[in-house]
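Chain by chain, the residues:
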Amino acid sequence: MTLVYQSTRDAKNTVSASQAILQGLATDGGLFTPLTYPKVDLDFETLKNASYQEVAKLILSAFLDDFTEEELDYCIEQAYDSKFDDERIAPLVKLDGQYNLELFHGSTIAFKDMALSILPHFITTAAKKHGLENKIVILTATSGDTGKAAMAGFADVVGTEIIVFYPKDGVSKVQELQMTTQTGANTHVVAIDGNFDDAQTNVKHMFNDPALRQRLAEHKMQFSSANSMNIGRLVPQIVYYIYAYAQLVKTGQIAAGDEVNFTVPTGNFGNILAAYYAKQIGLPVGKLICASNENNVLTDFFRTQVYDKKRSFKVTSSPSMDILVSSNLERLIFHLLGNDAEKTADLMQALNQLGQYELTDFDQEILELFAAEYATEAETSAEIKRVYDASHYIEDPHTAVASAVYQKYLRETGDQRPTVIASTASPYKFPRVAVQAVTGASDLTDFEALVKLQELSGVSLPTAVDGLETAPVLHKTQAKADQMQAAVENYLGL
Ligand SMILES: *Cc1c(COP(=O)(O)O)cnc(C)c1O
């Protein structure tokens, strides 16, 4: 029996895992979502001694059940190898009062590598499986980290083309250079004069445009997505929650069965949704703490059940979370509504047309799994300093948002369960913010800050940023947000 993935907006639109991965987004605008959960034997007495790759095998074979064992072995081998600078892949670090799950040891030093180092292999494997001859065109909107991680994964992969859109003024210098210096004849990067939501909305439009799809098909091409709207992004993210828990058991911090909280710095709601799915297959999760920056639309949603995007967009020091329309929340809404596609479609239409919706009749038990808070810019900076003083460890601003939110949660609830902070980026990706928070120095360039950061943290410079300053800039295209489709047509020769 294969698992069914259904569009959140149309009960009749159902596919298998490999088809969902190939399509990326459902053509009705919805997201492919599991209706039931696979049975997984989470025996932590065994899992505590398993490698990351072995845990990956267990989880991926359960959720992506129309791939063969050989196919998954191949994907896992290609993905979780020496591209990661730590053989544990996702090391768990014990700090004063919290555990930081470091998800930034891949080639672009942000957590997007955890899934994007495997997604290209899922896509090419699925294409082969279905005898597909079309070239796969990956369209990606990025708030800074997905773009680079996706290009690193897809660069020069035969049969694919990748086009990345990022907000020109919405990413850090290091993030921008990581993208604009990307090599690979099939990679394209466009800076748009809009924010992430503009980029994401226009990408979704292109996906949902039947005429454009038809023209692609005539040229033997089809779109897919590397954003977390693709279920092939979410499933590999379940793995590290299981792995982190197994490490806690292994080191005797908890006994198998004890509940653990996870605090997740959230933007598009993909990372925390993966934690929710981990819970659904039996991981003993206490609270899932949804941490936002000053773009706190999710904090308000969890408090009031009103999702209201009509507010000003803030550019913060944690740019990968500067998002007002959080795509993957649609999947949770679908589950909160008892997997009702019709009701979900209505709410998403309201969001589109009115800029808001209110959830009225929903599954209380699911909602209560979540806690939500946000951290201001000042609180985030103060948290970087606090953690440095307490543990001699430097968090990146996204991780610090989560860490600060956990501190607030702890003060409000006194919840003493062990808590893991999803640490989503290396501080080397945001060196100026990190150094300023610790030392107060505000006049350093990004590259001066990289040197200072090394001194402060004692962690050596990751290869991902080494040499970035002098690498040739290969992508210089800029476009207005409403010209994104023209750029795509131009690259693809449509
Ligand atoms: C993408 C990203 C996030 C947000 O993750 P979502 O899955 O979009 O919620 C947080 N931190 C960093 C560093 C990221 O790159």
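In this convention, every chain numbers its residues from 1, walking through the sequence in written order. Reporting in this predicted model follows two pLDDT cut-offs: at least 70 for local features of residues, and 80 or more for side-chain atom pairs to be given and counted; totals over whole chains, interfaces and linings ignore these cut-offs and use all residues. Heavy atoms from the whole structure form the basis of all side-chain values; hydrogens and water molecules are not counted.

## So, the overall build of the chain
For the record, the criterion: Helix numbering and strand numbering both begin at the N terminus, where a helix is a DSSP run of H or I of at least 4 residues and a strand a DSSP run of E of at least 2. We compute the radius of gyration over the C-alpha atoms and compare it with the globule rule, which gives 2.2 Å times the number of residues raised to the power 0.38. Only protein chains enter the accessibility calculation, which uses a 1.4 Å probe; a residue is then buried when its area is under 20% of its type maximum, exposed when over 50%, and partly exposed in between.
Per the secondary structure count, the chain includes 21 helices and 16 strands. Taking 494 residues into account, the globule formula puts the C-alpha radius of gyration at 23 Å, and the chain, at 21 Å, falls close to it. Taken over the C-alpha atoms alone, the chain extends approximately 60 × 50 × 45 Å along its principal axes. The proportion of buried residues among the 494 residues of the chain is 61%.

## Thoughts on helix H19 (residues 431-439)
Spelled out, the test is: The arc in question is the one traced by the directions running from the helix axis out to the C-beta atoms. Any two residues whose heavy atoms approach within 4.5 Å at even a single point are treated as in contact.
Inspection of H19 places Pro-431, Ala-434, Val-435, Ala-437 and Val-438 among the buried residues, and these make up the whole buried set. Down the axis of H19, the smallest arc covering the buried residues is 160°, so these residues share one side. Close packing links the buried residues of H19 with helix H8 (173-180), helix H17 (377-391) and helix H20 (446-457). Note on H19: the residue one or two positions beyond its end, Gly-440, has a positive phi of about 85°.

## Considerations on the UniProt feature "domain: Threonine synthase N-terminal" (unreviewed entry) in the chain
For clarity, the cut-off: UniProt positions are given in the numbering used here, feature names are shortened, and annotations may be inferred rather than shown by experiment.
Under the UniProt annotation, "domain: Threonine synthase N-terminal" (unreviewed entry) lies at residues 5-80. With 45% helix and 16% strand, the stretch residues 5-80 has end C-alpha atoms that lie 26 Å from each other.

## Regarding the packing of helix H12 (residues 270-280) against helix H14 (residues 329-336)
Note the following rule: Only the stretch in contact is used when fitting a helix axis, every axis being a line fitted to C-alpha atoms; angles between N-to-C directions are given from 0 to 180 degrees. Residues are grouped as follows: Ala, Val, Leu, Ile, Met, Phe, Trp, Tyr, Cys and Pro are nonpolar; Asp, Glu, Lys and Arg are charged; every other residue, Gly included, is polar.
Where H12 contacts H14, the two axes come as close as 9 Å, and the packing angle between them is 35°. Between H12, through Leu-273, Tyr-276 and Tyr-277, and H14, the contact on the second element is made entirely by Arg-331, Leu-332 and His-335. In terms of residue class, the contact of H12 with H14 is built from four nonpolar, one polar and one charged.

## Examining the sheet that holds strand S15 (residues 419-423)
Hydrogen bonds along the backbone pair up the strands of a sheet, which may run parallel or antiparallel. For clarity, the threshold we go by: Any two strands with at least two DSSP-identified bridges between them are counted as paired.
The six strands are arranged S4-S5-S15-S10-S11-S14 in an open sheet whose pairing can be described as mixed. Of all the strands in the sheet, just strand S4 (92-95) and strand S14 (370-374) have a single pairing partner and so form its edges. Neighbour-to-neighbour, the strand axes of the sheet open up by a mean angle of 25°, direction not taken into account. Two elements, strand S11 (residues 285-292) and S14, share five bridges in a ladder whose sense is parallel.

## Side note on the site of the ligand
Quick note on the threshold: Distances are taken per atom, and a residue is near a molecule or strand as soon as one of its heavy atoms is within 4 Å of it. Residues adjacent in sequence count toward polar contacts only when both atoms are side-chain atoms; beyond that, a polar contact is any pair of N or O atoms within 3.5 Å, and within protein one must be able to donate a hydrogen and the other to accept it. Note on areas: Shrake-Rupley with a 1.4 Å probe; residue coverage comes only from the protein chains shown.
The full set close to the ligand counts 15 residues, and Lys-112, Asp-145, Gly-267, Asn-268 and Thr-424 are the nearest of them. In the model, an oxygen atom of the ligand is placed 2.5 Å from a nitrogen or oxygen of the Asp-145 side chain. Here Asn-271 contributes a backbone N or O atom positioned 2.8 Å from an oxygen atom of the ligand. Burial of the ligand by the protein amounts to 98% of the accessible area it has alone, namely 380 Å². Taken together, the residues of the shell around the ligand break down into five nonpolar, eight polar and two charged.

## A short note on the nonpolar core
Put simply, the test is: Nonpolar cores were defined as sets of buried Ala, Val, Leu, Ile, Met, Phe, Trp, Tyr and Cys residues, with membership established by side-chain atoms within 4.5 Å. These domain boundaries are the output of an automatic or database domain assignment.
Membership of the largest hydrophobic core comes to 114 residues, with the highest contact counts inside it found for Tyr-5 and Ile-242. Shared between two domains, this core holds at least three residues of each, these being domain 1 (92-107 + 232-457) and domain 2 (135-219 + 463-493). Membership of the second largest hydrophobic core comes to 26 residues, among which are Met-229, Ala-479, Ala-481 and Val-488.

## Some words on helix H11 (residues 231-250)
Just so we agree on the cut-off: Helix span, as expected, comes to 1.5 Å for every residue beyond the first.
In this model H11 runs 30 Å from its N-terminal to its C-terminal C-alpha over 20 residues, within 8% of the 28 Å that 1.5 Å per residue would give. By the criterion of burial, H11 is predominantly enclosed, with 19 of the 20 residues buried. Between a side-chain oxygen at the N-terminus of H11 and the backbone nitrogen of Gly-232 the separation is 2.8 Å; the capping residue is Asn-230. Taken from the residues just after H11, Gly-252 is the one with a positive phi, measuring 75°.

## Comments concerning the pattern of salt bridges
Quick note on the threshold: Salt bridge, as used here, is a side-chain nitrogen of Lys or Arg placed within 4 Å of a carboxyl oxygen of Asp or Glu.
Under the definition given, this model contains 24 salt bridges. The partner of Arg-432 in a salt bridge is Asp-446, with the nearest N and O atoms 2.7 Å apart. You can see Arg-432 sitting in helix H19 and its partner Asp-446 sitting in helix H20, a full 14 residues away along the chain. Residue classification places Arg-432 among the partly exposed residues on the basis of a relative accessible area of 41%. Notably, a salt bridge pairs Glu-455 with Lys-452, separated by 3.3 Å at the nearest N-O pair. Linking Glu-455 with Lys-452, this pair stays in helix H20, spanning three residues, or about one helical turn. Look at Lys-452 and you get partly exposed, because its relative accessible area is 28%. Counted as one network, the salt bridges with shared partners bring together Arg-303, Glu-373, Glu-379 and Lys-408.

## Considering the pairing of S4
Both S4 and strand S5 (residues 98-102) contribute to a ladder of four bridges, which runs antiparallel. Its bridge partner lying in S5, Leu-92 is registered against Leu-101. The turn linking S4 back onto S5 is made up of two residues, and Gly-97 within it adopts a positive phi angle of 85°.

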